[in-house]
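Architecture at a glance
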Amino acid sequence: METDYDVLVIGAGLSGISMACHLQMECPGKRVGILERRKAIGGTWDLFRYPGIRSDSDMFTFGYKFRPWHDLKVLADGPSIRRYVTDTAHEHGIDKKILFGIKTTEASWSSEHARWTVTAVDEESGEPHTFTCNYLVSCTGYYNHDEGYLPVFPGVERFKGQCIHPQKWPEGLDYGGKRVIVIGSGATAVTLVPSMASETAHITMLQRSPSYVFSVPAYDSISAVLKRVLPDRWVFAIARKRNLFLQRAIYKLSKRWPDQMRSFLLSGVRKHLGKDFDMSHFSPRYKPWDERLCAVPDADLFKAIRDGKASIVTEHIDTFTENGIRLKSGRELQADIIITATGLQLQSFGGMELRVDGRQRAVNELMTYKGVMLQDVPNMAWLFGYINAPWTLKVDMAASYFCRLLNHMDRKGVDVVTARAPAREMLDETIVASLQSGYAKRGEAMVPRQGRALPWRVLHNPEKDHVMLMKDPVEDAALEFRGGSPSRPMHPAAA
């Protein structure tokens, strides 16, 4: 087993495979290794196995730019995405660089040796491992893979049926002919309900408060027509640009004219459910894009409700009972299975502890430089995608930027780079503060802070990020470069 690398990537999910492929294409001379805790490629898409698991972004923009998604299904299912990531790794030879079943526990930077030492353990055997590298890249996503978020529900121990969190979906669960309650109103809940409705006796989505839900076509009929007259690569490039424009337009319109966008979104629901439907179940108290919007393919959620196979209840839970849930109103919902689609818990670096010269660095005490590097942490990148656009769009740019940086350092003959922030730059605001979602608020201690201005401010803006990451010079006043000896700084010059 090789243990020393030029670049060590933590995670073989969507982000890690992107980073490794960019390194293969843009820094072919680098010795690259990938550590993956799971036994397979895919990360999130290998972990989640609940019915209907799919993307909540269209695949033309969610797929890698360097390997476009070539399917007409707009919101792809989990197995299809897992195959796509795995095939991408195989095509670029990345699968041969992955060590599976390895959980990283600590990464420690030594300025004396100008290297990272990563401590890890084989989860199956318990055997410890140590790896070293010049550059470390964390591609572990943003949430805890061990446990989802589960509120304390009064009386839950009294319930005689099955209680399941989607993050730990039991294989072969039989819900045919069963009464099911799904607690939640986010992307997982609106996916589960229509996916299970045809087999259950009845399924109820129980929400404390509603989310914005809108329908998108499951199949890209426009691209299907264009494929008859244009090469595939043109068709899918057009689809990517078109869908990205539409996504950005919806986001910008939501921020500029929230009342009008609210009316537009609610009118879409009313069109599918009819004028007599109680719209309070789909009328959030917050403005569009204060939380992520929930997309459903071909209005499947609305169809399940309209056909009477599913229902939606907006109330607070009083207590679990032996046979279901009693609400604050006194009404009791009967259930054989209760699914707690109550969200995620944020986590950085996959739970790995980060140290610089022996000092532990807490992520919530740091800012990010260009949303890619961490303040005062040498030779490390941290890939974090968009919260208001497809995740991969930012990850691809961040990976390419990091490759630009490595190549620039090779040309300059330097081997250490550190992002240094000016005094009083940090704000008491996280990089996900623009979202009012429960997981964003609960996880404030698990993500970096915002700065007052660029490059310390995360904009979640693809247009501006493209200029900053792909066009602007690599060197600026915030980056400190050092040569072979860490004691000799090299002052920035225009790249």
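Residues numbered from 1 in each chain as written. Predicted model: local features only at pLDDT ≥ 70, side-chain atom pairs only at ≥ 80, totals over all residues. Heavy atoms only, no water.

Concerning the overall build of the chain
Counting its secondary structure elements, the chain contains twelve helices and 26 strands. In terms of overall dimensions, the chain is globule-like: its C-alpha atoms have a radius of gyration of 24 Å, near the 23 Å expected for 495 residues. In terms of its C-alpha atoms, the chain occupies a principal-axis envelope of roughly 70 × 55 × 45 Å. Put simply, of all contacts in the chain between residues at least 6 apart along the chain, 71% involve residues at least 24 apart. (Helix = DSSP H or I, 4+ residues; strand = E, 2+ residues; numbered from the N terminus. Rg over C-alpha atoms; globule rule 2.2 N^0.38 Å. Contact = heavy atoms within 4.5 Å.)

Here we look at the side chain of Thr 430
Its location among the elements puts Thr 430 in strand β23 (residues 426–430). The exposure class assigned to Thr 430 is buried, which follows from its relative accessible area of 3%. (Buried < 20%, exposed > 50% of the residue type's maximum accessible area, 1.4 Å probe, protein only.)

Structural notes on the environment of Arg 457
Looking at where Arg 457 falls in the secondary structure, it is placed in the loop between β24 (449–451) and α12 (462–471). On the basis of relative accessible area, Arg 457 is assigned to the partly exposed category, the value being 21%. In sequence terms Arg 457 and Gly 371 are 86 residues apart; their C-alpha atoms lie 7.4 Å from each other. Engagement of the side chain of Arg 457 in a polar contact is seen with the backbone oxygen of Gly 451, the distance being 2.8 Å. (Polar contact = N/O pair within 3.5 Å; in protein donor to acceptor, adjacent residues only side chain to side chain.)

What about the nonpolar core?
If you look at the biggest cluster of nonpolar residues, it comprises 139 residues, and the most contacted ones within it are Ile 17, Met 19, Leu 136 and Phe 282. Of all the elements, helix α10 (residues 391–412) adds the most residues to this core, at twelve residues. With near-sequence residues (within four places) excluded, Met 19 lies in contact with Val 9, Val 137, Cys 139, Leu 383, Ala 399, Phe 402 and Cys 403. (Core = buried A, V, L, I, M, F, W, Y, C linked by side-chain atoms within 4.5 Å.)

Examining helix α8 (residues 258–273)
The first and last C-alpha atoms of α8 sit 23 Å apart over 16 residues, in line with the 22 Å expected at 1.5 Å per residue. In this structure, the buried side of α8 is in contact with β10 (213–216), α7 (232–256) and α9 (300–306). Following α8 by one or two positions, Gly 274 has its phi on the positive side, about 95°. (Expected span 1.5 Å × (residues − 1).)

Regarding the pattern of salt bridges
Applying the stated criterion across every chain, the model contains 31 salt bridges. Between Glu 2 and Arg 31 there is a salt bridge, with its nearest N and O atoms 3.6 Å apart. Separated by 29 residues along the polypeptide, Glu 2 in the segment before β1 (4–10) and Arg 31 in the loop between α1 (14–26) and β2 (32–36) bring together distant segments of the chain. Residue class for Glu 2 comes out partly exposed when judged on its relative accessible area of 43%. Judged by relative accessible area, which is 35%, Arg 31 ranks as partly exposed. Residue Arg 37 is joined to Asp 146 by a salt bridge in which the shortest nitrogen-to-oxygen separation is 2.8 Å. (Salt bridge = Lys/Arg side-chain N within 4 Å of Asp/Glu carboxyl O.)

Here's the deal with unusual backbone geometry
With an omega dihedral of 5°, the bond running from Leu 454 to Pro 455 counts as a cis peptide bond. On the secondary structure map, Pro 455 appears in the loop between β24 and α12. One non-glycine residue with positive phi stands out, namely Ala 114, at about 55°. By secondary structure assignment, the location of Ala 114 is in the loop between β4 (102–110) and β5 (115–122). By relative accessible area, Ala 114 is classed as buried at 9%. The residue Trp 289 is not glycine, and still its phi comes out positive at about 75°. On the secondary structure map, Trp 289 appears in the loop between α8 and β11 (294–297).

Things to note about the sheet that holds strand β9 (residues 202–207)
Taken in spatial order, the five strands make up an open sheet running β7-β16-β8-β9-β12, and their pairing is parallel. For this open sheet the edge positions go to β7 (162–164) and β12 (310–314), each flanked by a neighbour on one side alone. Adjacent strand axes in the sheet meet at a mean angle of 20°, parallel and antiparallel pairs treated alike. As defined by bridge partners, β7 adjoins strand β16 (residues 337–340) across three bridges and the pair is classed as parallel. Note on β16: the bridge partner recorded for Gln 162 is Ile 337. Across the sheet, helix α5 (residues 187–197) touches β8 (179–183), β9, β12 and β16, and the angle it forms with β9 is around 170°. (Pairing = 2+ DSSP bridges. Axes fitted to C-alpha atoms, helices over the stretch in contact; angles between N-to-C directions.)

Observations regarding the sheet that holds strand β14 (residues 324–327)
Pairing is antiparallel across the open sheet formed by three strands, whose spatial order is β13-β14-β15. The sheet terminates laterally at β13 (317–321) and β15 (332–334), the two strands that pair on one side only. Neighbour-to-neighbour, the strand axes of this sheet turn through a mean angle of 20°, independent of strand direction. Of the pairings in the sheet, the one linking β14 to β15 comprises three bridges and is antiparallel in character. Each bridged residue has a counterpart across the sheet, and for Gly 324 the counterpart in β15 is Gln 334.

Digging into the state of the cysteines
On inspection of all chains with the given rule, the structure shows zero disulfides. Considering cysteine sulfurs only, Cys 27 is the nearest to Cys 403, which forms no disulfide, with 4.0 Å between them. Residue Cys 403 is classed as buried on the basis of its relative accessible area, which comes to 0%. (Disulfide = S-S within 2.5 Å.)

Observations concerning the environment of Ile 53
With respect to the helices and strands, the residue Ile 53 is situated in the loop between α2 (44–47) and α3 (59–62). Beyond its immediate sequence surroundings of up to four residues, Ile 53 is in contact with Trp 45, Phe 48, Ala 76, Asp 77, Gly 78 and Thr 191.

Considerations on the packing of α10 against α12
Relative orientation of the contacting elements α10 and α12 amounts to 15°, with a least axis distance of 9 Å. Taken as axis vectors, α10 and α12 run roughly parallel relative to one another. Judged by the sense of rotation from one axis to the other, the crossing of α10 with α12 is left-handed. Only Pro 462, Asp 465, His 466, Leu 469, Met 470 and Lys 471 of α12 make contact with α10, whose side of the interface consists of Leu 393, Lys 394, Met 397, Ala 398, Ser 400, Tyr 401 and Arg 404. A breakdown of the residues in the contact of α10 with α12 according to their chemical character gives seven nonpolar, two polar and four charged. (Parallel < 35°, antiparallel > 145°, perpendicular 65-115°, else oblique. Left-handed = near helix turned anticlockwise from the far one by under 90°. Nonpolar A, V, L, I, M, F, W, Y, C, P; charged D, E, K, R; others polar.)

Quick word on the packing of aromatic side chains
Each aromatic ring pair is specified by the distance between its two centres and by the angle formed by the two planes. Evaluated as defined, the whole model comprises 22 aromatic pairs. With a centroid separation of 5.9 Å and an interplanar angle of 70°, the aromatic rings of Phe 48 and Tyr 50 are classed as edge-to-face. The residues Phe 48 and Tyr 50 share a single accessibility class, namely buried. The rings of Phe 48, Tyr 50, Tyr 142, Tyr 143, Phe 349, Trp 382, Phe 384 and Trp 391 are connected pair by pair, giving a single aromatic cluster. (Phe/Tyr/Trp six-rings, centres within 6.5 Å; stacked < 30°, edge-to-face > 60°.)

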